[in-house]
Each structure stands twice: as structure tokens, then as C-alpha cells.
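Read off the chains here:
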Amino acid sequence: MKEIKKKAEILIEALPYIKNFYGKTFVIKYGGHAMVNEKLKESFARNVVLMKYIGINPIIVHGGGPQIGELLNKIGKESKFIDGMRVTDEETMDIVEMVLAGKVNKEIVKNINLMGGKAVGLSGKDGKLIIAEKLLVLKNFDNKPPEIIDIGKVGKVKKINPEVLKLLFQGESIPVIAPVGVDEEGNTYNINADLVAGEIAISLKAEKLIMMTDVEGVLDKSGNLISSINIDEIPQLIENGIITGGMIPKVEFCKKAIENGVNKAHIVNGKIENVLLLEVFTKEGIGTEFYKN
């Protein structure tokens, strides 16, 4: 009986969140360990379908770096990175598109549909969803002026055309987006999935941007989770060494999204089962929430 009562209490706690988020849009960046562990893949798909059934409009933007690296390794092509970004020549771009828009995207669609959802797989080429432009990297060398480095078919977002996503919402579909964009001349570019998720959230003025990673969120110097951060505090947290390394760009994407109309952003640990439900429908949450007063 205690277990039954506990389950009822959980549902009651979730009720005000379900009411508040009905009809709202959540953009979820899906990546890391949650994309390769079978149990976590099922958990993610189930969480997304539940969100849709209670009236939330989830949009999934996924990565696929490990899967790309695995296939490049199989064909004997070396993966090269500059400042964490994959150097992408024409041949590599073909592999990237095949893996992201093909294998990875369709597996996510399959998993969501098996859980009772109606997922639709897209890349940024579909409906001119993601208009891209070439990204050039400014690299600093010791005792030399900075140099502009061309890393090939790597892009950034020039414009998001969200009309195709709005049409999918009307049909009760769940968009699953591969971060591949195209420029005005028809050239294809590989784009960072965190960046794409942030820009799509901004274009739709989403209620939430949720970044799934392999860490809990932002930790203080004692290793304790910081559950809530005002975006005005971010520069000081970076200066003090609280936010470091690969967490910096993720936090900056969250900050930019909130400054441009997204209500809240979250960084959560995708290695935790049901992490989306725990973050969104409980008072305490389980990751780091970003907001602006």
C-alpha cells in the first residue's frame, strides 16, 4: 500500500507541471551515453512519447560523433579534430550525412515509434529547415598572430525556417532532426548539434531547451551539483573556474537561448534513466537549470 501511495504522490507532484507545459515546445539535444546504451535508449524514447501524450511538443536534435568515428575507422579514414571540431572534407561529409541523417536518425525514429509515438526523421535540408554557412576557426599559435583555419564542410547556422516543424506539430508528430544544413548554393555542412538545438529553440521561442550530456550538470568546486543558475552569474562562474572545458560552450548556448526568448534551459545527465521526466516534472529536478529573472 505504501508503494501505491508513493506512486500517487509522484503523479500529484507532476500535475502542476503537466498543466503549465501543455501546448509548450521543448527542444531536446540528444547525445552522449544515452544514445548507445540500449536501456537508456528505450528510457529516452518512452520519456519523449509520454511528453507528447500529455500535450508537450518535443523536438529532438541528435548528435552522432562516436558513430561517425566508428564508420570512418572501418573504411580506414583517420578522424582529425581542431578545437574539438571534426575536420570534414568532401568524403568525410558524405559519411557524416549518411550516419547522421540515415543510420542514427532512423534508429531514434524507430525507437520512439516502438514506444507508441509518431516520430518523423529530418535533416536540416528538409523544408530548408537549417540554412547554413561555412564556419572558419580562428586558431592561436604561440608567438604568432592568430590564423584562420579552414576545417572543410563544417558550418554554423545562418537561419532556421521552422515552418516544417509547426506543420508536424499539427499532425501530432515528433520531429527528430539530424544537424546537417545546407547553404544558399546547395553545399552541405556538418553543424554542432548543441548549436542547432539552441537555434531551433530560439526560432520557436521554446519553453525549454534541454541538453543531455554525460555529466550531472554544473558542479561547484566541491563536486556538488548547482541545481539553478541565473544566466547573469555565468561570466563570474567561468572566471572562477566553476564552469570549465567543454561545459563552457554548452552553458553559452543555454545563455544565448534564454536571452533570445527561450524560457528556461537545462543541462542533464543522460546516463540517468528517465532523466527528462525527473528534471521536468519534479520540484527538485536532477540537473542544472538556467533562467533569467
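The structure this text deals with has already been given above.
Bear in mind the structure is a predicted one, so any value in this text is a computation, not a measurement. (Residues numbered from 1 in each chain as written. Predicted model: local features only at pLDDT ≥ 70, side-chain atom pairs only at ≥ 80, totals over all residues. Heavy atoms only, no water.)

Across a sheet, strands are paired by hydrogen bonds formed along the backbone, either parallel or antiparallel in direction. With respect to topology, 8 strands assemble into an open sheet ordered β5-β8-β2-β1-β11-β13-β14-β12, the strand pairing being mixed. Lying at the two open borders of the sheet, with one neighbouring strand each, are β5 (119-123) and β12 (228-230). Recorded for the sheet is a direction-independent mean angle of 20° between the axes of neighbouring strands. Pairing analysis gives 2 bridges linking strand β2 (residues 57-62) to strand β8 (residues 174-178), with the strands arranged parallel. Bridge pairing links V61 to I177 in β8. (Pairing = 2+ DSSP bridges. Helix = DSSP H or I, 4+ residues; strand = E, 2+ residues; numbered from the N terminus. Axes fitted to C-alpha atoms, helices over the stretch in contact; angles between N-to-C directions.)

A few words on the nonpolar core. In this structure, V27, I177, I200, L209 and F290 are the most contacted members of the largest nonpolar core, which totals 42 residues. By residue number, the principal contributor to this core is helix α6 (residues 193-204), which donates 8 residues. If we ignore the near neighbours within four places in the chain, the residues touching I200 are V27, I59, V61, I160, L165 and I177. I28, I56, M93 and L100 belong to the second-largest nonpolar core, a separate cluster that totals 39 residues. (Core = buried A, V, L, I, M, F, W, Y, C linked by side-chain atoms within 4.5 Å. Buried < 20%, exposed > 50% of the residue type's maximum accessible area, 1.4 Å probe, protein only. Contact = heavy atoms within 4.5 Å.)

We now examine the packing of aromatic side chains. Within the structure shown, the criterion is met by 3 aromatic pairs. Look at Y30 and F44: their rings are 3.7 Å apart centre to centre, the planes differ by 0°, and that puts the pair in the stacked class. Residue Y30 is located in strand β1 (residues 25-30), and its partner F44 is located in helix α2 (residues 38-53); the two are separated by 14 residues in the primary sequence. A relative accessible area of 2% places Y30 in the buried class. The side chain of K153 reaches across the aromatic face of Y189, ending 5.0 Å from its centre. (Phe/Tyr/Trp six-rings, centres within 6.5 Å; stacked < 30°, edge-to-face > 60°. Lys NZ or Arg CZ within 6 Å of the ring centre and 35° of its normal.)

Our next topic: the pattern of salt bridges. Across all of its chains, the model carries 16 salt bridges by this definition. When the shortest N-O distance is used, the salt bridge between E273 and K39 registers 3.6 Å. A residue pair is termed long-range when its members are at least 10 positions apart, and E273 in the loop between β13 (264-269) and α9 (275-280) and K39 in helix α2 qualify at 234 residues. Three or more residues are tied together by salt bridges with common partners; here these are K29, D194 and K250. (Salt bridge = Lys/Arg side-chain N within 4 Å of Asp/Glu carboxyl O.)

With that out of the way, let us pick up the packing of α6 against helix α8 (residues 247-259). In the contact formed by α6 and α8, the axes pass within 9 Å of each other and the chain directions differ by 10°. In terms of orientation, α6 and α8 fall into the roughly parallel class. Residues D194, L195, E199 and I202 of α6 form the contact with α8, whose participating residues are K250, F253, K256 and A257. When the residues that make up the contact of α6 with α8 are grouped by side-chain class, the tally is 4 nonpolar, no polar and 4 charged. (Parallel < 35°, antiparallel > 145°, perpendicular 65-115°, else oblique. Nonpolar A, V, L, I, M, F, W, Y, C, P; charged D, E, K, R; others polar.)

Residues Q67, I68 and L72 constitute the buried set of helix α3 (residues 65-74). Buried positions in α3, seen along its axis, are confined to an arc of 135° and lie on one side of it. Of the exposed residues in α3, those oriented more than 90 degrees away from the buried face are P66, N73 and K74. Contact partners of the buried residues in α3: β4 (85-86) and α4 (90-114). (Arc of directions from axis to C-beta.)

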